[in-house]
Amino acid sequence: MKQLVTALMVGVFAALSGCASAPWASGKTTMSHAVLQVSDNDPHKWNLALNNAENMQEALGKDNIQIEIVAYGPGLNMLKADSKVAPRLNAALDANVELAACATTMRKMKVTKADLVGGATVVPGGVIEIMKRQSEGWAYIRP
Amino acid sequence: MKQLVTALMVGVFAALSGCASAPWASGKTTMSHAVLQVSDNDPHKWNLALNNAENMQEALGKDNIQIEIVAYGPGLNMLKADSKVAPRLNAALDANVELAACATTMRKMKVTKADLVGGATVVPGGVIEIMKRQSEGWAYIRP
Amino acid sequence: MKQLVTALMVGVFAALSGCASAPWASGKTTMSHAVLQVSDNDPHKWNLALNNAENMQEALGKDNIQIEIVAYGPGLNMLKADSKVAPRLNAALDANVELAACATTMRKMKVTKADLVGGATVVPGGVIEIMKRQSEGWAYIRP
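Residues numbered from 1 in each chain as written. Chains lettered and ligands numbered in written order. Predicted model: local features only at pLDDT ≥ 70, side-chain atom pairs only at ≥ 80, totals over all residues. Heavy atoms only, no water.

### With respect to the side chain of Gln57(A)
Residue and element names in this part refer to chain A.
Now for step 1: Locating Gln57 in the fold gives a position in helix 2 (residues 43-60).
Now for step 2: Residue Gln57 is classed as buried on the basis of its relative accessible area, which comes to 10%.
Now for step 3: The contacts of Gln57, once residues within four sequence positions are left out, are Lys62, Ile65, Ile67, Ala95 and Val97. (Helix = DSSP H or I, 4+ residues; strand = E, 2+ residues; numbered from the N terminus. Buried < 20%, exposed > 50% of the residue type's maximum accessible area, 1.4 Å probe, protein only. Contact = heavy atoms within 4.5 Å.)

### Here we look at the confidence of the model for chain A
All names here are of chain A.
Now for step 1: Taken residue by residue, chain A gives an average pLDDT of 87. The fraction at 70 or more is 80%.
Now for step 2: Across residues 10-27 the pLDDT falls below 50, and counting only partners more than four positions away or on other chains, this stretch makes 33 contacts in the model.
Now for step 3: For this predicted complex, the interface confidence comes out at an ipTM of 0.80, alongside a pTM of 0.82. (pLDDT = per-residue confidence, 0-100.)

### Some details on the environment of Arg107(A)
Residue and element names in this part refer to chain A.
Now for step 1: Residue position: Arg107 is located in helix 4 (residues 103-108).
Now for step 2: Here Arg107 falls in the exposed class, since its relative accessible area comes to 59%.
Now for step 3: Between the C-alpha atoms of Arg107 and Ala139, which are 32 residues apart in sequence, the distance is 28 Å.

### Focus: the pattern of salt bridges
Once their charged atoms are close, side chains differing in charge can pair, the charge on each being opposite to the other.
Residue and element names in this part refer to chain A.
Now for step 1: What the rule picks out here adds up to 24 salt bridges over all chains.
Now for step 2: Where Arg133 meets Glu68, a salt bridge forms, and the shortest distance between an N and an O atom there is 2.7 Å. Of this pair, Arg133 sits in helix 5 (residues 126-135) while Glu68 sits in strand 2 (residues 65-71), placing them 65 residues apart in sequence.
Now for step 3: The shortest N-O distance in the salt bridge between Arg133 and Glu136 comes to 2.9 Å. (Salt bridge = Lys/Arg side-chain N within 4 Å of Asp/Glu carboxyl O.)

### What about unusual backbone geometry?
Now for step 1: Residues other than glycine seldom take positive phi values, yet Lys110(A) does so here, at roughly 50°.
Now for step 2: With phi around 70°, Asn96(B) is a residue other than glycine that occupies positive phi space.
Now for step 3: Along the chain, the position of Asn96(B) falls in the loop between helix 3 (86-94) and strand 3 (98-102).

### A look at the packing of helix 5 (residues 126-135) of chain B against helix 2 (residues 43-60) of chain C
Now for step 1: Helix 2 of chain C packs onto helix 5 of chain B with a crossing angle of 75° between their chain directions and a minimal axis gap of 8 Å. Classified by the interaxial angle, the pair formed by helix 5 of chain B and helix 2 of chain C is roughly perpendicular. Contacts from Val127(B), Ile128(B) and Met131(B) in helix 5 of chain B reach Asn52(C), Met56(C), Ala59(C) and Leu60(C) in helix 2 of chain C.
Now for step 2: Across the contact of helix 5 of chain B with helix 2 of chain C, the residue classes tally to six nonpolar, one polar and no charged. (Axes fitted to C-alpha atoms, helices over the stretch in contact; angles between N-to-C directions. Parallel < 35°, antiparallel > 145°, perpendicular 65-115°, else oblique. Nonpolar A, V, L, I, M, F, W, Y, C, P; charged D, E, K, R; others polar.)

### Brief notes about helix 2 (residues 43-60) of chain B
Now for step 1: For helix 2 of chain B, with 18 residues, the first-to-last C-alpha span of 26 Å sits near the 26 Å given by 1.5 Å per residue.
Now for step 2: Turning to helix 2 of chain B, its buried residues are Lys45(B), Trp46(B), Leu48(B), Ala49(B), Leu50(B), Asn52(B), Ala53(B), Asn55(B), Met56(B) and Gln57(B).
Now for step 3: Packed against the buried residues of helix 2 of chain B are helix 4 and helix 5 of chain A together with strand 1 (32-38), strand 2 (65-71), helix 3 and strand 5 (139-141) of chain B.
Now for step 4: The residue sitting at the N-terminus of helix 2 of chain B and contributing the capping side-chain oxygen is Asp42(B); that oxygen lies 2.9 Å from the backbone nitrogen of His44(B). (Expected span 1.5 Å × (residues − 1). Polar contact = N/O pair within 3.5 Å; in protein donor to acceptor, adjacent residues only side chain to side chain.)

### Let's talk about helix 3 (residues 86-94) of chain A
Owing to its 3.6 residues per turn, the α-helix brings residues three or four apart onto one side.
All names here are of chain A.
Now for step 1: Along helix 3, the residues classified as buried are Ala86, Leu89, Ala92 and Leu93. Buried residues of helix 3, viewed axially, fall in a sector of 110°; they line one side. Exposed side chains of helix 3 directed beyond 90 degrees from the buried face belong to Pro87 and Asp94.
Now for step 2: Those residues of helix 3 hidden inside the fold are in contact with helix 2 and strand 3 (98-102).
Now for step 3: Backbone geometry just downstream of helix 3 places Asn96 in the positive-phi region, at approximately 70°. (Arc of directions from axis to C-beta.)

### Comments concerning the sheet that holds strand 5 of chain B
All names here are of chain B.
Now for step 1: If you trace the five strands from one edge of the open sheet to the other, you get 4-3-2-1-5, paired in parallel fashion. Looking at which strands have only one partner, the edges of the open sheet turn out to be strand 4 (121-123) and strand 5. The average angle at which neighbouring strand axes cross in this sheet is 30°, direction not considered.
Now for step 2: Across three bridges, the pairing between strand 1 and strand 5 is parallel. Opposite Ala34, over in strand 5, you have Ala139 as the bridge partner. (Pairing = 2+ DSSP bridges.)

### With respect to the side chain of Ser39(A)
Now for step 1: On the secondary structure map, Ser39(A) appears in the loop between strand 1 (32-38) and helix 2.
Now for step 2: For Ser39(A), a relative accessible area of 2% corresponds to the buried category.
Now for step 3: At 3.0 Å, the side chain of Ser39(A) forms a polar contact with the side chain of Gln37(A).
Now for step 4: Leaving out residues up to four positions away in the same chain, Ser39(A) has contacts with Tyr72(A), Pro74(A), Gly75(A), Arg142(A), Leu48(B) and Pro143(B).

### Some remarks on the sheet that holds strand 2 of chain A
Two strands in a sheet stick together by hydrogen bonds in their backbones, pointing the same way (parallel) or opposite ways (antiparallel).
All names here are of chain A.
Now for step 1: The five strands lie next to each other as 4-3-2-1-5, forming an open sheet whose pairing is parallel. Across the chains shown, the open sheet's two edge strands, defined by having one partner strand only, are strand 4 (121-123) and strand 5 (139-141). Going across the sheet, the axis of each strand differs from the next one's by a mean of 30°, ignoring polarity.
Now for step 2: On top of the sheet, helix 5 reaches strand 1, strand 2, strand 3, strand 4 and strand 5; it is set at about 155° to strand 2, its chief contact.

Given below as structure tokens:
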């Protein structure tokens, strides 16, 4: 009997902590996550997204936040090797910011992986990637 | 006593599964949901939103995702019958994408339901609709 | 023994209600929360954000929604005392809409608190503030 009650209490505590540790319920998670959307063909927006990533890393500490910049639609140009922000892209990759290009947009714009800045990853769909990240509890930032 | 403990266990399992089945906690939900915001008077943005909807349906399967495009503010023009993207709106409606126009904007811009593409729905407030969808766990995409 | 079981039941109910009362799981929360992002140097966007705040307050009742407009990057200009929307900012503050300026942007643009409309608050980082609010369950609106 006592063991059963103990088992129940473990269950209750698991349920309680399961709720309490959800990202939206507690500020105590050590790792934060943010997905940034770039869908404009506008270098000002590209720089703003890169500034956002830098500021988040400075504020929380580089090891405490995982950042993914997803470029799709007209925003894909950001991640091309000849992009106006190419030097900043390399710095972002060095700082462990993930740069994800949308494969659907790449096909439409006849852009291959070789056209992208080295280190960029390719995701099947930009908007699907953003949706997936939100469902995983990542913050969504649309600069 | 034993019945009481059994009842408790049922409660614990309900609590546990209640948490575990939250959309952000599990990738196993078969139905995805996304609300897309259109608030710019810019046909490029309208096409991008429609592309996003198409791509999401292609990636996940049309029956596995519920999509609502909410047009408000200057974006309301997207849903007018004389919109530049009117043919694409009909295709989207045929593919079960919901097109929602903001009643508050309609009043301000003196647009009536008769001015909208047939099949569009009217919601009391665009931004309230988007807020409500997020609170229901829908992904938010702002093209 | 009976007391232990009672304590357990209280725990179970707490766990159940803890899950059920999460903002995304229930439409019954009396207080809604929304964070609005302003990151464009565009008075049309500023007015749209202020319209959004007004409409949300009208729809839900001023006392039932907490709204924070976060201005960062090129959007910081919205909150300057000489902003084109300064009179509307005062009205928004009177209606308990919080106006938050990004300290990081302020440093970069050499803007001090004295340059801002009276009543604006300063947050360490605009994008961090938005991320924090999302993690707290606030709806995110990017006009």
